[in-house]
Amino acid sequence: MSALEIRNIQKRYGDVETLKGINIALESGEFLVLLGSSGCGKSTLLNIIAGLAEPSGGDILIGERSILGAHPKDRDIAMVFQSYALYPNMSVARNIGFGLEMRKVPTAEREKAVRDTAMLLQIENLLDRKPGQLSGGQRQRVAIGRALVRNPRVFLFDEPLSNLDAKLRMEMRTELKRLHQLLGTTVVYVTHDQIEAMTLATRIAVMRDGRIEQLGTPEEIYDRPATLYVAGFVGSPQMNILDAELTGSGLRIAGEEAFPLPETFRSAVTAGRRVKVGVRPEALRLASADVTGIRLPASIEVMELTGPELVTTARIGEQRITACLPPRTSLMPGSAQVFCFDEAALHLFDAENGRSLLAR
Amino acid sequence: MERQGPLFTAFVYASALLLTAVVLAPVIWLFVMSISPAADLSAKPLNWWPSEIDLSRYRTLLSAVENSAGAAFIASLMNSLQVAGMATLAAIAVAVPAAWAVSRTPAVSWSLYAVIATYMLPPVALAVPLYMGLAYFGLLNSVFGLALVYLTILAPFTTWLLKSGFDAIPREIESAAMIDGARLDQILRLLTLPLAAPVMATSALFAFLLAWDEFFYALLFTSDLRAKTLTVAIADLAGGRVSDYGLIATAGVLAALPPVLIGLIMQRALISGLTSGGVKG
């Protein structure tokens with residue numbers, strides 16, 4: 001039984017179509033991340049699920065029951081906002097217990113629930129404070145506690161970590177993952193941060209211009225991006241995208257020598273067709289004499305040591321390529337090198353519509 | 001700034017002193033006048049400092065003997081308190097829902113601009129229609145009638161102030177409360193209004209001052225002790241054949257006291273309301 005089903009949801013503001021038919025079905029216990037840059041409609045979709053906005057068309061079901069038209073409080077959801085939206089005039093304990101208070105849960109039961117939740121989030125010592133006296137991370141925990149305490153069927157998160165500094169964000173990310181594993185709740189999580197999406201999600205929906213560009217597990221999104229947009233959005237540093245041309249049974253990248261096309265792409269071959277080649281920086285290695293795979297001669301431009309890896313920028317003809325090499329690689333700027341990568345790491349996209357040419 | 005020269009420090013102090021002097025000079029002169037003997041005030045050249053302290057006028061104005069100047073003054077003081085108080089309470093009562101509605105529904109904010117536009121009309125333009133209206137309802141020379149007129153002045157103003165106060169409260173807080181299951185009245189009572197309290201206090205104080213100081217409508221729509229307000233009573237003191245400038249000054253000092261007291265009591269709320277920094281997400 002699906003915990004949450006989004007059926008052909010559309011949203012129009014006047015002539016502007018923000019959502020153009022979204023379909024997602026979510027099993028109970030899934031962690032769905034809506035990933036996209038700002039303005040792609042992901043927050044609108046979340047607000048529609050929460051009942052803070054009404055869709056122009058389509059339907060939403062929670063536990064097989066349509067919730068369109070239902071008041072947010074009757075949807076069996078809880079939401080964590082980007083700004084936390086804590087009640088500044090109430091203590092942390094009352095903030096967490098507010099939902100139960102409004103639902104007329106007896107005081108003793110409520111206090112126990114608040115204490116248990118606070119224990120789970122390690123904020124028992126903060127219960128008497130006001131939100132204004134808390135740090136960003138503590139406020140975040142209170143906001144999560146407020147959602148947890150009600151034990152709803154679906155949790156909604158609207159960019160909950162984007163107001164935290166980098167270190168705290170990593171901690172809270174781990175914390176969220178821990179909570180999800182512990183409680184097995186169903187979550188819809190909106191973010192523009194691909195690392196958050198990759199680490200937290202059981203499934204990612206990459207959104208763009210009101211459509212779902214690709215819906216899949218983090219591995220699928222990373223290993224088999226369906227479009228150029230997804231390929232460029234997920235992964236850091238970004239996937240290298242190079243202009244190339246199909247020649248009979250081979251592939252020529254910007255005037256360099258052609259190499260034979262791997263089996264998997266043979267069906268896509270039309271000589272002279274223009275394509276985009278994608279290869280992740282972490283798939284590239286420096287070629288030694290005996291190595292197999294696809295070879296790319298390049299001239300080194302810049303090396304940046306990040307610690308765990310040496311991020312190297314090089315030039316292939318007129319195009320730039322980035323490679324993540326082992327940190328102790330010795331290279332000279334300006335020197336000519338040959339990169340190579342496995343056939344399995346090759347991605348091909350249609351140059352016009354950006355769709356992947358990988359036979360599926 | 002960490003480093004400042006002595007000249008700069010002197011300049012800062014001089015500026016502050018100048019401002020203080022400019023602001024306080026009229027008030028101090030008002031007070032000095034109120035305790036100067038009549039002879040000092042009519043002397044030529046003027047005696048800026050009283051030869052002796054004369055508190056008789058305070059006794060005159062605060063005496064409760066019937067039909068005395070004091071009784072009239074105290075009656076007008078009471079009228080002013082009633083009119084300004086009622087108008088302020090009514091204005092806040094009207095403004096809170098209106099301001100909240102406009103703040104949360106930007107699509108109808110034009111209506112607030114339309115109301116503010118009526119502010120551009122000079123009071124003279126409205127005097128005759130208002131007079132006829134009040135006469136029809138038998139509300140001339142009545143504190144209720146005057147309070148009603150003041151309400152029309154105060155409501156747009158307080159709505160405007162409160163709207164900016166509500167704007168500063170994140171809507172997400174209300175959304176969160178909605179998801180938490182709070183009804184609209186609970187959201188307003190438990191969250192929005194407590195968070196807007198500083199702004200409400202500021203609006204109320206300014207509204208009260210506006211009503212307290214109003215002269216034109218009060219002069220037109222009141223005629224005797226039943227409804228005359230302080231501003232009109234003070235003008236009456238100057239209207240006779242012999243004007244006791246000291247008495248006018250004394251009335252002025254006494255008239256200034258209630259707003260000053262309210263201001264002092266609400267000082268903290270007022271300051272946080274004026275800076276709007278009181279609301280944090």
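Everything below is about the structure shown above.
Predicted model only: the values in this text are computed from it and were never measured.

Moving on: the packing of helix α2 (residues 92-102) of chain A against helix α4 (residues 136-148) of chain A. Residue and element names in this part refer to chain A. Running from N to C, α2 and α4 point in directions that differ by 30°, and their axes come no closer than 7 Å. Taken together, the axes of α2 and α4 lie roughly parallel to each other. Between α2 and α4 lies a crossing of right-handed hand. Of the residues in α4, those touching α2 at Val-92, Asn-95 and Ile-96 are Val-142, Gly-145 and Arg-146. By residue class, the composition of the contact of α2 with α4 is three nonpolar, two polar and one charged.

This brings us to the interface of chain B and chain A. Facing 17 residues of chain B, the contacting portion of chain A comprises 25 residues. The three residues of chain B that bury the most area against chain A are Glu-172, Ile-179 and Asp-180 of chain B, which together make up 36% of that side's buried surface. At the junction of chain B with chain A, the criterion picks out one salt bridge. Arg-150 of chain A is paired through a salt bridge with Asp-180 of chain B; the nearest N and O atoms lie 3.2 Å apart. Between chain B and chain A we count eight residue pairs in polar contact (both at pLDDT 80 or more) in total. For the side of chain B that touches chain A, the secondary structure elements donating two or more residues are α8 (171-179) and α9 (184-213) of chain B. Among the elements that line the side of chain B that touches chain A, the one with the most residues is α8 of chain B, at seven residues.

This part takes up the nonpolar core. Judged by nonpolar contacts, the single largest core of 52 residues is most densely connected at Leu-4, Leu-34, Leu-45, Phe-98, Leu-156 and Val-188 of chain A. Residue contributions to this core peak at six residues, all from α9 of chain B. Non-local contacts of Leu-156 of chain A, meaning those with residues more than four positions away in its chain, are made with Leu-46, Ile-49, Ala-50, Ile-77, Ala-78, Met-79, Val-80 and Val-188 of chain A. Of all hydrophobic cores here, the second largest spans 43 residues; its members include Leu-35, Leu-100, Val-142 and Val-234 of chain A.

Let us now look at the packing of aromatic side chains. All names here are of chain B. Applying the stated criterion to the full structure yields 12 aromatic pairs over all chains. An angle of 45° between the planes, with centres 6.0 Å apart, marks the rings of Tyr-131 and Phe-221 as tilted. With Tyr-131 in helix α6 (residues 123-136) and Phe-221 in helix α10 (residues 216-221), this residue pair connects regions lying 90 residues apart in the sequence. Taking relative accessible area as the criterion, Tyr-131 reaches 39% and is therefore assigned partly exposed. When the centroid spacing of 5.6 Å and the interplanar angle of 20° are considered together, the rings of Phe-208 and Trp-212 count as stacked.

A separate point is the pattern of salt bridges. Once the charged atoms of two side chains with opposite charge are near each other, the side chains can pair. All names here are of chain A. Under the counting rule described, the total for this entry stands at 25 salt bridges over all chains. A salt bridge links Lys-42 to Glu-159; the nearest nitrogen and oxygen atoms lie 3.6 Å apart. Of this pair, Lys-42 sits in helix α1 (residues 42-50) while Glu-159 is found in the loop between β7 (154-158) and α5 (166-183), placing the two residues 117 residues apart along the sequence. Exposure remark for Lys-42: the relative accessible area of 4% places this residue in the buried category. With a shortest N-O distance of 4.0 Å, Arg-274 and Glu-245 are connected by a salt bridge. Of the two residues, Arg-274 sits in strand β14 (residues 274-279) while Glu-245 sits in strand β11 (residues 240-247), which places them 29 residues apart along the sequence. When its relative accessible area of 46% is taken as the criterion, Arg-274 is described as partly exposed. Taking the relative accessible area as the measure of exposure, Glu-245 reaches 28% and is therefore partly exposed. Beyond isolated ion pairs, a larger network of salt bridges with shared partners links Arg-141, Glu-175 and Arg-178.

Cut-offs applied
Residues numbered from 1 in each chain as written. Chains lettered and ligands numbered in written order. Predicted model: local features only at pLDDT ≥ 70, side-chain atom pairs only at ≥ 80, totals over all residues. Heavy atoms only, no water. Axes fitted to C-alpha atoms, helices over the stretch in contact; angles between N-to-C directions. Helix = DSSP H or I, 4+ residues; strand = E, 2+ residues; numbered from the N terminus. Parallel < 35°, antiparallel > 145°, perpendicular 65-115°, else oblique. Left-handed = near helix turned anticlockwise from the far one by under 90°. Contact = heavy atoms within 4.5 Å. Nonpolar A, V, L, I, M, F, W, Y, C, P; charged D, E, K, R; others polar. Buried area = accessible area lost by both parts, 1.4 Å probe. Salt bridge = Lys/Arg side-chain N within 4 Å of Asp/Glu carboxyl O. Polar contact = N/O pair within 3.5 Å; in protein donor to acceptor, adjacent residues only side chain to side chain. Core = buried A, V, L, I, M, F, W, Y, C linked by side-chain atoms within 4.5 Å. Buried < 20%, exposed > 50% of the residue type's maximum accessible area, 1.4 Å probe, protein only. Phe/Tyr/Trp six-rings, centres within 6.5 Å; stacked < 30°, edge-to-face > 60°.

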